[in-house]
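Next come the chains, spelled out residue by residue.
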Amino acid sequence: MNTTLVVAALLVGLLTGALFAGLRVPIPAPPSLPGVMGIVGIYLGYQLIEATGIGFDLLRWLGLH
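What you see is a predicted model, and the numbers here were worked out from it, not measured in a lab.

A. View of the overall build of the chain. Counting its regular elements, the chain contains 3 helices and 0 strands. Overall, the chain shows an N-to-C arrangement of helices and strands of α-α-α. Compactness check: the chain gives a C-alpha radius of gyration of 17 Å against a globular reference of 11 Å for 65 residues, more than 25% above the reference. Its C-alpha atoms put the chain at 50 × 25 × 25 Å along the principal axes. When each of the 65 residues of the chain is scored for burial, the buried share is 0%.

What follows is the structure in structure tokens.
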């Protein structure tokens, strides 16, 4: 994992969040911790399946790939 990239993304996110709050517009993300944790859970679940190699190619099965 590239730590510099992660820190840069965090800083850009902080600045973007501050800008949205300063302009009094809703953020384009879940506005509560449970919503954010849901997104983290989706990411971690995806990474788990990728790491274990378990999976099913739905698009290929449907003939769309």
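B. Structural view of a nonpolar patch on the surface. Together, Leu-33, Val-36, Met-37, Val-40, Tyr-43 and Leu-44 make up an exposed nonpolar region whose accessible area comes to about 580 Å². For Val-40, the position within the fold is in helix α2 (residues 33-52).

C. Structural detail: the layout of surface pockets. Taken as a whole, the largest pocket encloses approximately 210 Å³ of empty space. In terms of lining, the largest pocket is formed by Ala-29, Val-36, Ile-39, Val-40 and Tyr-43. Tallied by class, residues from the lining of the largest pocket come to 5 nonpolar, no polar and no charged.

D. Highlighting helix α1 (residues 3-22). Here α1 is 20 residues long and its end C-alpha atoms lie 28 Å apart, about the 28 Å a rise of 1.5 Å per residue gives. Capping of α1 at its N-terminal end is provided by Asn-2; its side-chain oxygen lies 3.0 Å from the backbone amide nitrogen of Thr-4. One or two residues past the end of α1 sits Arg-24, with phi positive at roughly 55°.

E. Structural context of α2. Under the 1.5 Å per step criterion, the end-to-end length of α2 is 28 Å for 20 residues, consistent within 8% with the ideal 28 Å. Positive backbone phi, approximately 80°, marks Gly-53, located one or two places after α2.

F. Representation of unusual backbone geometry in the model. One non-glycine residue with positive phi stands out, namely Arg-24, at about 55°. As for its placement among the helices and strands, Arg-24 is situated in the loop between α1 and α2. The class of Arg-24 is exposed, set by a relative accessible area of 73%.

Definitions and limits used
Residues numbered from 1 in each chain as written. Predicted model: local features only at pLDDT ≥ 70, side-chain atom pairs only at ≥ 80, totals over all residues. Heavy atoms only, no water. Helix = DSSP H or I, 4+ residues; strand = E, 2+ residues; numbered from the N terminus. Rg over C-alpha atoms; globule rule 2.2 N^0.38 Å. Buried < 20%, exposed > 50% of the residue type's maximum accessible area, 1.4 Å probe, protein only. Patch = residues over 30% accessible without salt bridge, like charges linked within 9 Å, V, L, I, M, F, W, Y side chains within 5 Å. Areas by Shrake-Rupley, 256 points an atom, 1.4 Å probe, with all protein chains shown as cover. Salt bridge = Lys/Arg side-chain N within 4 Å of Asp/Glu carboxyl O. 1 Å grid on protein atoms, 1.4 Å probe; cavity = no way out; pocket = protein on both sides within 12 Å on 5 of 7 lines; lining within 4 Å. Points joined across faces, edges and corners; volume = space filled by probe spheres on them. Nonpolar A, V, L, I, M, F, W, Y, C, P; charged D, E, K, R; others polar. Expected span 1.5 Å × (residues − 1). Polar contact = N/O pair within 3.5 Å; in protein donor to acceptor, adjacent residues only side chain to side chain.

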